[in-house]
Amino acid sequence: MQRDRVDEPLNPDYNVAPTKPVYAVMTRRSREEAGGSGTSAPHGSSEQGSNGQAAGTPAAELSPARQLRVVRWGLVPSWAKDISIGSRMINARAETVSEKPAFRKAFASRRCLLPADGYYEWQPPPAGTKGPKQPYFICRPDHGVLAFAGIYELWRDRSMPRDDPAAWLWTAAVITTTAPDELGEIHDRMPMVISPASWADWLDPDNTDAADVRALLAPAASSGLISFPVSLAVNSVRNNGPELVKEAEPVSPGSGGRSDA
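Residues numbered from 1 in each chain as written. Predicted model: local features only at pLDDT ≥ 70, side-chain atom pairs only at ≥ 80, totals over all residues. Heavy atoms only, no water.

Q: Describe the side chain of Gln123, listing the residues and the values that go with them.
A: Tracing the backbone shows Gln123 in strand β6 (residues 118-123). In this structure the side chain of Gln123 is engaged in a polar contact, spanning 3.3 Å, whose partner is the side chain of Tyr136. (Helix = DSSP H or I, 4+ residues; strand = E, 2+ residues; numbered from the N terminus. Polar contact = N/O pair within 3.5 Å; in protein donor to acceptor, adjacent residues only side chain to side chain.)

Q: Give a description of the packing of aromatic side chains that names residues and reports values.
A: One pass over the full model with this rule turns up 6 aromatic pairs. Ring centres of Tyr120 and Trp122 lie 6.2 Å apart, and the angle between their planes is 45°; on these two criteria the pair is classed as tilted. Owing to a relative accessible area of 27%, Trp122 belongs among the partly exposed residues under this scheme. One aromatic cluster is present, built from ring pairs that chain together Tyr120, Trp122, Phe137 and Phe228. The ring of Trp170 has Arg69 sitting right over it, with the charged end atom 3.9 Å from the ring centre. (Phe/Tyr/Trp six-rings, centres within 6.5 Å; stacked < 30°, edge-to-face > 60°. Buried < 20%, exposed > 50% of the residue type's maximum accessible area, 1.4 Å probe, protein only. Lys NZ or Arg CZ within 6 Å of the ring centre and 35° of its normal.)

Q: Tell me about the pairing of strand β8 (residues 146-156), and name the residues and values.
A: The buried fraction of β8 amounts to 11 of the 11 residues, a majority that puts the element mostly inside the structure. Burial of β8 is two-sided: the residues Leu146, Phe148, Gly150, Tyr152, Leu154 and Arg156 facing one way and the residues Ala147, Ala149, Ile151, Glu153 and Trp155 facing the other way are all buried. Inspection of the sheet shows strand β5 (residues 111-116) paired to β8 by 6 bridges, in the antiparallel sense. Pairing of Ala116 across the sheet is with Leu146, part of β8. One ladder, built from 7 bridges, connects β8 with strand β9 (residues 168-178); its direction is antiparallel. The residue of β9 that forms the bridge with Trp155 is Leu169. (Pairing = 2+ DSSP bridges.)

Q: Residues and numbers for the layout of surface pockets, please.
A: Roughly 1,200 Å³ of internal volume is contained in the largest pocket. If you go around the largest pocket, you meet 35 residues; those closest to its centre are Asp13, Val16, Trp73, Ala116 and Gly118. Those elements that provide at least two residues to the lining of the largest pocket are β2 (21-29), β5, β6, β9 and β10 (189-191). Among the elements that line the lining of the largest pocket, the one with the most residues is β6, at 5 residues. Of the residues assigned to the lining of the largest pocket, the class counts are 26 nonpolar, 5 polar and 4 charged. (1 Å grid on protein atoms, 1.4 Å probe; cavity = no way out; pocket = protein on both sides within 12 Å on 5 of 7 lines; lining within 4 Å. Points joined across faces, edges and corners; volume = space filled by probe spheres on them. Nonpolar A, V, L, I, M, F, W, Y, C, P; charged D, E, K, R; others polar.)

Q: How would you sum up the pattern of salt bridges? Please name residues and give values.
A: Within this structure, the stated rule accounts for 4 salt bridges. Note that Glu153 and Arg110 form a salt bridge whose closest N and O atoms lie 2.9 Å from each other. One end of the pair, Glu153, is in strand β8; the other, Arg110, is in the loop between α2 (104-109) and β5, and 43 residues separate them in sequence. (Salt bridge = Lys/Arg side-chain N within 4 Å of Asp/Glu carboxyl O.)

Q: Residues and numbers for the environment of Glu153, please.
A: Residue class for Glu153 comes out buried when judged on its relative accessible area of 4%. Separated by 20 residues in the primary sequence, Glu153 and Ala173 have C-alpha atoms spaced 9.0 Å apart. If sequence neighbours within four positions are ignored, Glu153 has contacts with Leu75, Val76, Pro77, Ser78, Lys105, Ala106, Arg110, Leu169, Trp170 and Thr171. A polar contact of 2.9 Å, which involves the side chain of Glu153, links it to the side chain of Arg110. (Contact = heavy atoms within 4.5 Å.)

Dropping the structure here:
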């Protein structure tokens, strides 16, 4: 079963910055949709009763459902006093995501996939030279969609009634890992890419064993990507258009061109 929780489709965004809205794919149980007890879903929100179920629905009908949602990039833990912390929590390191207090609960049962056409990284100029960092766009050779490993949280604005949908903020962070080979020459970190064969296990909220989940963070899908230099225009969030992902002449001395990683 699948559900689309997107009220209005997002416009194409070629320069996603922290706190911007992004798509997230997740799997949630029907009892969470029904606002059942013991969940972090907003009781009485637009989710409640959306499938005609109530808290007393038989367990056999409480099947997990895959959803598409819009979330805010930058995870806000449920215990945060305000949402400003989210702008500093856009990434979570794969090596420590299961241990950090801000991430470990979400890693246990609130994992998601964050679809993207690619991502940017910046390479410093060669040692001993001056100049701007060279931005690169990194993507699949066929420019198909990547599925980044993510975690999500629900934060409640306690100044508002619990049953007000506007009282709940959905946020997410990207899990990062060590960049391999040529990509590591651009930047030593990269988003963790989840292979299609592992999507169901990664999204399964009943899969709460930290060791089992960490095993899904294998860097196998990190290979087979290409990188190429793009314009410095991407350095400003005011610029946003398809020209940002077009290959451009390198601006830093010694910067390379297109490469396979």
